Amino acid sequence: MRKRALVVGLGIAGMSAAIGLRRAGWTPVIVERAPKRRTGGYFVGLFPEGRQAAVDLGIADHLHARNPQRAARANSWSVDRRGRRRPALGFLDQPGEPAAVLRGDIEAALWQNITGVEVRFGTTPVAITEGPAEVQVLLGTTGTGAQYRESFDMVVGADGMRSSVRRIVFGPDEDYLTTWNAMICAFQLKQQVPSYEASDSIIIAHAKRAVWVFGLADHSPTALLTYRTTDIQEQFSGSRVQRLRSVFSGMDDPVARHVLDSLEEAPDHLFDSVHQVRMPRWSNGRAVLVGDAAWCMNLYSGMGATSSLRGGAALGAALLEHPDDLTAALAAWETGLRPFITKHQRTARLKQQMFVPSSRRAEALRSVLLGLVRRIRGRRPATEAGGPRTRALSGTPR
Ligand SMILES: Cc1cc2nc3c(=O)[nH]c(=O)nc-3n(C[C@H](O)[C@H](O)[C@H](O)COP(=O)(O)OP(=O)(O)OC[C@H]3O[C@@H](n4cnc5c(N)ncnc54)[C@H](O)[C@@H]3O)c2cc1C
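About the thresholds
Residues numbered from 1 in each chain as written. Predicted model: local features only at pLDDT ≥ 70, side-chain atom pairs only at ≥ 80, totals over all residues. Heavy atoms only, no water. Domains from an automatic or database assignment. Contact = heavy atoms within 4.5 Å. Buried area = accessible area lost by both parts, 1.4 Å probe. Helix = DSSP H or I, 4+ residues; strand = E, 2+ residues; numbered from the N terminus. Nonpolar A, V, L, I, M, F, W, Y, C, P; charged D, E, K, R; others polar. Pairing = 2+ DSSP bridges. Axes fitted to C-alpha atoms, helices over the stretch in contact; angles between N-to-C directions. Core = buried A, V, L, I, M, F, W, Y, C linked by side-chain atoms within 4.5 Å. Buried < 20%, exposed > 50% of the residue type's maximum accessible area, 1.4 Å probe, protein only. Near = heavy atom within 4 Å. Polar contact = N/O pair within 3.5 Å; in protein donor to acceptor, adjacent residues only side chain to side chain. Areas by Shrake-Rupley, 256 points an atom, 1.4 Å probe, with all protein chains shown as cover. Salt bridge = Lys/Arg side-chain N within 4 Å of Asp/Glu carboxyl O.

Turning next to the domain arrangement of the protein. Structurally, the protein comprises domain 1 (4-60 + 104-177 + 276-352) and domain 2 (68-97 + 179-275 + 353-377). Relative placement of domain 1 and domain 2: their C-alpha centres are 29 Å apart. Each partner contributes residues to the interface: domain 1 has 23 residues there, and domain 2 has 29 residues. In terms of surface lost to domain 2, no three residues of domain 1 exceed Phe43, Tyr300 and Gln352, which account for 33% of the buried area on that side. Among the elements that line the side of domain 1 that touches domain 2, the one with the most residues is helix 10 (residues 326-355), at five residues. Looking at the side of domain 1 that touches domain 2, its residues break down into twelve nonpolar, seven polar and four charged.

Moving on, we come to the sheet that holds strand 4 (residues 76-79). The strands making up a sheet associate through hydrogen bonds between their backbones, and the pairing can be parallel or antiparallel. Across the sheet, seven strands lie side by side as 5-4-13-14-15-12-16; this open sheet has mixed pairing. What marks the edges here is a single partner per strand, and that holds for strand 5 (85-87) and strand 16 (270-277). Looking at each pair of strands side by side, their axes are set apart by 25° on average, direction ignored. The pairing of strand 4 with strand 13 (residues 201-206) spans three bridges and is parallel. Across the sheet, serine 78 pairs through a bridge with isoleucine 203, a residue of strand 13. Where helix 6 (residues 240-247) meets the sheet, it contacts strand 12 (177-188), strand 14 (209-214), strand 15 (222-228) and strand 16, and its direction lies at approximately 70° from that of strand 15. Each of strand 5, strand 13 and strand 14 is contacted by helix 11 (residues 360-377), which is oriented at about 145° to strand 13, the strand it contacts most.

On to the sheet that holds strand 7 (residues 118-121), then. Read across the open sheet, the six strands follow the order 7-2-1-11-18-17; overall the sheet is mixed. One side of each edge strand has no neighbouring strand; the edge strands of this open sheet are strand 7 and strand 17 (283-284). Note: strand 11 (residues 154-157) against strand 18 (residues 287-289), three bridges, orientation parallel. Following the sheet pairing, valine 156 is matched in strand 18 by valine 288.

Moving on, we get to the nonpolar core. Formed by 94 residues in total, the largest nonpolar core has its most connected members in Ile106 and Met154. Sort the elements by how many residues they give to this core and helix 10 lands first, with nine residues. Counting the residues that make up this core, at least three belong to each of domain 1 (4-60 + 104-177 + 276-352) and domain 2 (68-97 + 179-275 + 353-377). In this structure methionine 154 touches Arg4, Ala5, Leu6, Leu21, Trp26, Val135, Arg286, Val288, Leu319, Leu326 and Leu330, once residues within four positions along its chain are discounted. Grouped together as the second largest cluster of nonpolar side chains are 27 residues, Cys185, Tyr227, Val241 and Met251 included.

This part is about the site of the ligand. Close to the ligand lie 35 residues, the nearest being Glu32, Arg38, Gly45, Asp292 and Ala305. Between the ligand and threonine 124 there is a distance of 2.8 Å, counted from a nitrogen atom to a side-chain nitrogen or oxygen. In this structure, glycine 304 approaches the ligand through a main-chain N or O atom, which is 3.1 Å from an oxygen atom. Alone, the ligand offers 1,000 Å² of accessible surface; in the complex the protein occludes 90% of this. Of all the secondary-structure elements, those providing two or more residues to the shell around the ligand are helix 1 (12-23), strand 2 (27-32), strand 3 (43-46), strand 8 (123-130), strand 12 and helix 9 (304-321). If you tally residues by element for the shell around the ligand, the top one is helix 9, at four residues. Of the residues in the shell around the ligand, the class split is 17 nonpolar, twelve polar and six charged. Taken domain by domain, the shell around the ligand gets at least three of its residues from each of domain 1 (4-60 + 104-177 + 276-352) and domain 2 (68-97 + 179-275 + 353-377).

The next thing to look at is the pattern of salt bridges. For the coordinates displayed, the defined rule picks out 19 salt bridges. Of the charged contacts, one joins aspartate 218 and arginine 66 as a salt bridge, the two residues approaching to 2.9 Å between their closest N and O atoms. Here aspartate 218, found in the loop between strand 14 and strand 15, pairs with arginine 66, found in the loop between helix 2 (48-56) and strand 4; they are 152 residues apart in sequence, far enough to count as distant. Since its relative accessible area comes to 10%, arginine 66 is described here as buried. Between glutamate 363 and arginine 81 there is a salt bridge whose closest N-O contact spans 2.7 Å. Residue glutamate 363 is found in helix 11, and its partner arginine 81 is found in the loop between strand 4 and strand 5; the two are separated by 282 residues along the sequence. Residue arginine 81 is classed as partly exposed on the basis of its relative accessible area, which comes to 40%. Residues participating in the shared-partner salt-bridge network are Arg4, Glu118, Arg120 and Glu150.

In structure tokens form, the structure reads like this:
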């Protein structure tokens, strides 16, 4: 008899886990609160561990990187307080040479690989009760309000930073969510900032507020506005556009103006507070959390998608290795993954300073540091300039 698992959430972690489970001989059933699969999304940098997980999950060939061609001039620019632009180290210049994708690209590639897996939209868990040999889940249908019970051998909570599975099985959000006193707003730009090349990236990182434009090879750029604030609750009141205009007022720069104007025209955007999820254990009996639900590192780490892919793939591998012992499988999975997650949760604090410095001093230090690194690295060898950077993750040039 194939064991059945309820996977809650149709994001990167949920679909990765479903593929991993299926490979381990399980039958996953995915429930997703939204009425349909989301598409699009913001810029995501995929690091080597994420690319390897994509290969392990068999999705690498469906997922192509959108890294801009390396230009002889520069791909990334920083704009200083006087509006002067300078070549800069961008997100994609980090060690590991992240692949530039949209969140939706990863989800689309995973989606192609979960053909045959049952997916129930508009469905969410209401109660989870563990018995000796199974876990009973009360499921609610968001459209009709109908509820029904169903038994599974395991529940996988892959339902994001504000996970319902975590709340039901492990306790309230306050026990696990740490607040970072910062906000983000991410969306796609219809058009690049005037006077920049279509695939340029632009960074304005002032103390407590920053504007990032991520240039892509074959897609309009995406934008990220991020700022620090101690009053998180207040940020969710009133109009978001007005709020952001007021936070970024005084940053009198054409780039900031273009991004703020574009926000008003954007069909959708993500506006949220920044947190990290810290949990002493990711599983409890027959329930396990994966991805942001378990360890949300937050966007500053740049490792959320990478770790969601890796977490889902590793879960499948652990279940395959311990087919008759769920406790041993979950323990082995967590032991193997924990050091990687802890490391990146820690470095996220430093990376936050790179995204949005905490003070004028930190802003100056950031600028000096990155300038120094850029000088040490020097100009790239001529052979690299202009070389192909858009390719399938499996390595096949497109
Ligand atoms: C602006 C921004 C930039 C980022 N940049 C990067 C980057 O450069 N590199 C990187 O690796 N990561 C990045 N990340 C992080 C990365 O996108 C996330 O860590 C990753 O997408 C998390 O995936 P997930 O599946 O765990 O959660 P989610 O993407 O949150 O998916 C959860 C899913 O569960 C569903 N759901 C929620 N509640 C329920 C419920 N009660 N019942 C049923 N379904 C439910 C949701 O609708 C959703 O489909 C970034 C994040 C942001 C916001």
